[in-house]
Structure formats: C-alpha cells, structure tokens
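As a plain string of letters, each chain reads:
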Amino acid sequence: MGLKQQIESDLKTALLGNDKPTVTTLRGLKAAILDVEVSTGMRSAGLNDSEIGKIVLKEIKKRQESLDLYQQNNRPELAENEQAEIDVLQNYAPKQLSESELNSVIDTVFESFPNATMQDMGKVISEVKNQVGSSADGALIAKLVKAKLQ
C-alpha cells in the first residue's frame, strides 16, 4: 500500500473513531499533497511516496516552528495542539538517518572533493542531499559539512 493510500485509510479510521485531532491533521496533509499535485501537473498520475514524504517533512517543520513560537510566548494550549499534529505526521515521515550514518555519507562525498574549501560547501551539501534524499534534514547536513570544512 502506498503512502497516499495509507493516509486515506488512516483518515477513514480516524473519522470512524471520532479522533478529531487526527482527522484535522490528515485532512490538512491531504490538502497539502493535492496542492502539490495540482501545481506540478501530477493530479491524475499522483505523487510517488518519496515526494509525499517530502511534503510530510515540510508539514512537520511548519508545525515545529509554530510549536517553538507558542512555547516562547507561553501558550501551552496551542503548543499542545501543534505537538499532537507533529506526533500524527511522524507516522508518515520517511525514516531519518542518524547523525553517525549521515557523517559516513558526508565522508564518502568528501572523497570526491579531496581539496574542498568553504567555497565548495554548497557543492558538497548538494551532493550529500542527492545521495540521502529526504532522509536527512538540510540544516543538519549543512552543520555537519561546515564542521568538517573548518
């Protein structure tokens, strides 16, 4: 079963179980997926699981930013809702590489850039992202590459 079908199935289950937070979150996710499908002209063919995984990560990131703001502004009731949505979305996110796994990929990429300098940072990050896809956060990749270059 594809990721999109899994989301739709879980949405039906949540509707039948009267699980309002899950229903709201999954409806929002489906809307985000549909938006990307329409904007890229893939409405009839649909997106693959990798593309849907990227959308899920993007939605998690948006909610994490909101969660951080709510916590900074002492709004625990709103932060709680954002955390609940993050928890639901985590079920559909692609598995993320650990920092040590990511470091080994970065080391491999550095072998093809033997004399890399800070000016090559963008090239190295781009190559790492090509290899790991959506299974690693871009900010973490940039942080680790920068540390190795210094």
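Residues numbered from 1 in each chain as written. Predicted model: local features only at pLDDT ≥ 70, side-chain atom pairs only at ≥ 80, totals over all residues. Heavy atoms only, no water.

The next point concerns the side chain of Thr-25. Note on placement: Thr-25 falls in helix α2 (residues 20-40). The residues contacting Thr-25, other than those within four sequence positions of it, are Glu-85, Val-88 and Leu-89. (Helix = DSSP H or I, 4+ residues; strand = E, 2+ residues; numbered from the N terminus. Contact = heavy atoms within 4.5 Å.)

Pairing between side chains of opposite charge can happen when the charged atoms of each approach one another. What the rule picks out here adds up to 9 salt bridges. Residue Lys-4 is joined to Glu-37 by a salt bridge in which the shortest nitrogen-to-oxygen separation is 2.8 Å. Remark: Glu-37 occurs in helix α2 and Lys-4 occurs in helix α1 (residues 3-16); sequence separation between them is 33 residues. Here the residues in one salt-bridge network are Glu-59, Lys-62, Arg-63 and Glu-85, joined through shared partners. (Salt bridge = Lys/Arg side-chain N within 4 Å of Asp/Glu carboxyl O.)

Okay, α1 next. Across its 14 residues, α1 extends 20 Å between first and last C-alpha, which sits within 8% of the 20 Å expected from 1.5 Å per residue. If you check which residues of α1 are buried, you get Leu-3, Ile-7, Leu-11 and Ala-14. An end-on view of α1 places all buried positions within 85 degrees of arc, on one side of the element. Pointing more than 90 degrees away from the buried face of α1 are the exposed residues Lys-12, Thr-13 and Leu-16. (Expected span 1.5 Å × (residues − 1). Buried < 20%, exposed > 50% of the residue type's maximum accessible area, 1.4 Å probe, protein only. Arc of directions from axis to C-beta.)

Structurally, the position occupied by Val-145 is in helix α7 (residues 138-149). Residue Val-145 is classed as buried on the basis of its relative accessible area of 0%. When the C-alpha positions of Val-145 and Val-124 are compared, they lie 7.5 Å apart, and in sequence the two are 21 residues distant. Setting aside residues no more than four positions away along its own chain, Val-145 makes contact with Ile-106, Phe-110, Met-121, Val-124 and Ile-125.

Relative to the helices and strands, Val-109 is located in helix α5 (residues 99-111). Sequence separation between Val-109 and Gln-131 is 22 residues, and the spatial gap between their C-alpha atoms is 9.0 Å. Contact partners of Val-109, with chain neighbours within four places excluded, come to Val-124, Glu-127, Val-128 and Gln-131.

The next point concerns the packing of α1 against helix α3 (residues 49-72). It is the contact of α1 with α3, at a shortest axis distance of 8 Å, that shows an interaxial angle of 55 degrees. Relative to α3, the element α1 lies oblique. Contacts from Leu-3, Lys-4 and Ile-7 of α1 reach α3 at Asp-49, Ile-52 and Gly-53. (Axes fitted to C-alpha atoms, helices over the stretch in contact; angles between N-to-C directions. Parallel < 35°, antiparallel > 145°, perpendicular 65-115°, else oblique.)

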